[in-house]
Amino acid sequence: MQQEPAPLTRYLRVHRDRGFTVLEFRGEIDIAAATEILPYLDRVTARPRARVVIDLSQVEFFDCSGLRLLYRARQRMLERDGRLHLVCAHPLTLRILRVTGLSRLLPPQPTLDAALGQPEATSGTL
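The numbering scheme is per chain: residues are counted from 1 as the chain's sequence reads. pLDDT decides what is reported in this predicted model: residues at 70 or higher carry local features, side-chain atom pairs at 80 or more are listed and counted, and totals for whole chains, interfaces and linings draw on all residues regardless. Hydrogens and water molecules were not included; the side-chain quantities draw on all heavy atoms of the structure.

Undergrad: Help me get a handle on the sheet that holds strand 3 (residues 51–62), residues and values and all.
TA: Two strands qualify as a pair provided that DSSP identifies no fewer than 2 bridges between them. Helix numbering and strand numbering both begin at the N terminus, where a helix is a DSSP run of H or I of at least 4 residues and a strand a DSSP run of E of at least 2. Spatially, five strands are ordered 1-2-3-4-5 in an open sheet, and the strand pairing comes out mixed. Strands at the two margins of the open sheet, each flanked by one partner only, are strand 1 (12–17) and strand 5 (108–109). In the packing of helix 1 (residues 31–45) onto the sheet, contacts are made with strand 1, strand 2 (20–29) and strand 3, and the angle to strand 2 comes to roughly 175°. We call two residues contacting when some pair of their heavy atoms lies within 4.5 Å. Lines fitted to C-alpha atoms define the axes, with helix axes restricted to the stretch in contact, and inter-axis angles between N-to-C directions lie between 0 and 180 degrees. In the packing of helix 3 (residues 91–100) onto the sheet, contacts are made with strand 3, strand 4 (83–87) and strand 5, and the angle to strand 3 comes to roughly 120°.

Undergrad: Describe in detail unusual backbone geometry, supporting the description with residues and values.
TA: Even without a glycine there, the phi angle at arginine 49 is positive, about 60°. Within the fold, arginine 49 resides in the loop between helix 1 and strand 3.

Undergrad: Kindly report on the pairing of strand 4, identifying the contributing residues and their values.
TA: Residue exposure (1.4 Å probe, protein chains only): buried if accessible area is under 20% of the type maximum, exposed if over 50%, otherwise partly exposed. Of all five residues that make up strand 4, five are buried, and the element is covered over most of its length. Residues of strand 4 alternate between two faces, with Arg83, His85 and Val87 on one and Leu84 and Leu86 on the opposite face, all of them buried. Relative to strand 4, strand 3 is paired through five bridges, and the arrangement is parallel. Paired with valine 52 across the two strands is leucine 84, which belongs to strand 4. The crossover handedness rule: strands pointing away from the viewer, path from first strand over the helix to second strand clockwise, crossover right-handed. This β-α-β element, strand 3 to helix 2 (residues 64–79) to strand 4, shows right-handed connectivity.

Undergrad: For the packing of helix 2 against helix 3, give the residues involved together with the corresponding values.
TA: With their axes 12 Å apart at the nearest point, helix 2 and helix 3 run at an angle of 60° to one another. As the angle between them shows, helix 2 and helix 3 are arranged oblique. For helix 2 against helix 3, the interelement crossing comes out right-handed. Across the interface between the two elements, Leu67, Leu70 and Tyr71 of helix 2 pack against Ile96, Leu97 and Thr100 of helix 3. A per-class count over the contact of helix 2 with helix 3 returns five nonpolar, one polar and no charged. Note that the term roughly parallel is reserved for angles under 35 degrees, roughly antiparallel for angles over 145, roughly perpendicular for angles of 65 to 115, and oblique for everything else. In a left-handed crossing the near helix is turned counterclockwise from the far helix by less than a right angle, and in a right-handed crossing that turn is clockwise. When residues are grouped by polarity, Ala, Val, Leu, Ile, Met, Phe, Trp, Tyr, Cys and Pro land in nonpolar, Asp, Glu, Lys and Arg in charged, and all others, Gly among them, in polar.

Printed below as a string of structure tokens:
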């Protein structure tokens, strides 16, 4: 696993794993966190054919600001022919994803290993 320099934010850790850039969200993902995460998210999703995983394993709270980040990442990846996977096992966050319909568009995987092992056809590009 290659490590990229971690950004200077308490809400995000960025690293490389098996050819994917992993954005590990941390703590409470609200409007303040989203403001700090957005520049890194946009930089990673701006690359053509990028391979990205958003990992919510370390998230304690997730509101509509976090949903906007996920929708934005998905849209940018679709426009650039990239692959985007999501990791989430927290029951309340999973419920939010289901209620909003995002879980159908970006199916969450329970672990990073599961997300990285997904075949090409199931990358959330429905």
